[in-house]
Amino acid sequence: MELLKQVGLSQGDDVQVEVKDGKIVLRKKEQISLPEGVDAEFMDILNDVIKEHDKAF
């Protein structure tokens, strides 16, 4: 738990996982407020589509 405190994480925080230069990177997921009428599930689907077609974007 001391390691988590050093990077500003606590139990229950959402994290983002990515591989960069052959290393696994964990970082605290930024909390964003969505525009009214846009739900989190829609954003998850949109992110998945963007990841699948990232070269096109």
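Just above, that's the structure.
In what follows, the accompanying structure is described.

Analysis parameters
- Residues numbered from 1 in each chain as written.
- Predicted model: local features only at pLDDT ≥ 70, side-chain atom pairs only at ≥ 80, totals over all residues.
- Heavy atoms only, no water.
- Salt bridge = Lys/Arg side-chain N within 4 Å of Asp/Glu carboxyl O.
- Helix = DSSP H or I, 4+ residues; strand = E, 2+ residues; numbered from the N terminus.
- Buried < 20%, exposed > 50% of the residue type's maximum accessible area, 1.4 Å probe, protein only.

**Focus: the pattern of salt bridges**
- Scanning the model with the defined rule gives two salt bridges in all.
- Two residues, K28 and D13, come together in a salt bridge whose shortest N-O distance is 3.6 Å. Here K28 is found in strand 2 (residues 23-28), whereas its partner D13 is found in the loop between helix 1 (2-6) and strand 1 (15-20), with 15 residues between them in sequence.
- Among the ionic pairs, E18 bridges to R27, the shortest N-O distance being 3.7 Å.
- Look at E18 and you get partly exposed, because its relative accessible area is 26%.
- On the basis of relative accessible area, R27 is assigned to the partly exposed category, the value being 38%.

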